[in-house]
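Topology and contacts: notes
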Amino acid sequence: IVTAVQNGVWDIGFCSPVDDAPDLFFVPVLQQPLVVVVNKNHPLAKEPTITFDQLRGFDLITYHTEQPIGKKVGKLLESHGLKADQQYSNELDMSGIASISNSVAVILQTPSLKQFSDLVALPMPEVPDNFRIVHMAFNQKAYKCHAVESFIDYVAAFWSYSPSSLGWRQFD
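In this report, we go over the structure that sits alongside the text.

Cut-off values and rules
Residues numbered from 1 in each chain as written. Predicted model: local features only at pLDDT ≥ 70, side-chain atom pairs only at ≥ 80, totals over all residues. Heavy atoms only, no water. Helix = DSSP H or I, 4+ residues; strand = E, 2+ residues; numbered from the N terminus. Buried < 20%, exposed > 50% of the residue type's maximum accessible area, 1.4 Å probe, protein only. Contact = heavy atoms within 4.5 Å. Pairing = 2+ DSSP bridges. Axes fitted to C-alpha atoms, helices over the stretch in contact; angles between N-to-C directions. Salt bridge = Lys/Arg side-chain N within 4 Å of Asp/Glu carboxyl O.

**Notes on the overall build of the protein chain**
A count of helical and extended segments in the protein chain gives five helices and eight strands. When the helices and strands of the protein chain are listed from N to C terminus, the series reads α-β-β-β-β-α-β-α-β-β-β-α-α. Structurally, the protein chain occupies a C-alpha span of about 60 × 25 × 25 Å along its principal axes. With 172 residues in all, the protein chain has 44% of them scored as buried. Within the protein chain, residue pairs in contact and separated by at least 24 positions form 68% of the contacts whose partners lie at least 6 positions apart.

Below is the structure:
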């Protein structure tokens, strides 16, 4: 996503911020809590919440290490003495695996989880709700038509940014 926005393929992308994209401007728009997802028959499914200690001994799966969220989740799990199979790119894949196995998916709570009636998403009280903040990214040096600028302003307003505080406007 970042590469596509940097290269002008897309005007806007929704992603995690990165440090090595100086021309991109990132506006926070949505927070996604980290949850544990298991099938309804899994031993953890009846728990109201899940701690890191409760995850010991289970096969954990999470995001690929080449993704920013994969690096972040991997570090978090390692800091609690846990290791996960980190080869998955999205919540849909991991939810599908969790629905037919005893694997424990450590993933972001996204709308895609609602497709699975046989899964349980369990909160992790040891992880802050704002574990991941999705940002709207755009190239502040690239030309943006009025419709794109209006959309950026509309999205930014939901996080209480005034258009002038963004500091990137081309048509003021």
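**Looking at the sheet that holds strand β3 (residues 34–39)**
A sheet is described by the order of its strands in space; here five strands give the open sequence β5-β4-β6-β3-β7, paired in mixed fashion. Where the open sheet ends on each side, the last strands, each with one partner, are β5 (85–88) and β7 (119–123). If you compare each strand with its neighbour and ignore which way they point, the axes differ by 35° on average. Bridge count for β3 against β7 is five bridges, and the pairing is antiparallel. Within β7, the residue paired with Val38 across the bridge is Val120. Contacting β3, β4 (60–63), β5 and β6 (104–108), helix α2 (residues 68–79) runs over the sheet at an angle of about 145° to β4. Here helix α3 (residues 91–100) sits on the sheet in contact with β3, β4, β5, β6 and β7, set at roughly 155° to β6.

**Some points on the pairing of β6**
For β6, the tally of buried residues reaches five of five residues, placing the bulk of the element in the interior. Note: β4 against β6, two bridges, orientation parallel. Within the sheet, the bridge partner assigned to Ile61 lies in β6 and is Ala105.

**What to know about the pattern of salt bridges**
Within the structure shown, the criterion is met by two salt bridges. In this structure, Lys141 and Asp23 form a salt bridge, with 3.3 Å as the shortest nitrogen-oxygen distance. Of the two residues, Lys141 sits in the loop between β8 (132–139) and α4 (146–157) while Asp23 sits in the loop between β1 (12–15) and β2 (24–32), which places them 118 residues apart along the sequence. On the basis of relative accessible area, Asp23 is assigned to the partly exposed category, the value being 31%. Note that Asp53 and Arg56 form a salt bridge whose closest N and O atoms lie 3.2 Å from each other. With a relative accessible area of 39%, Arg56 lands in the partly exposed category.

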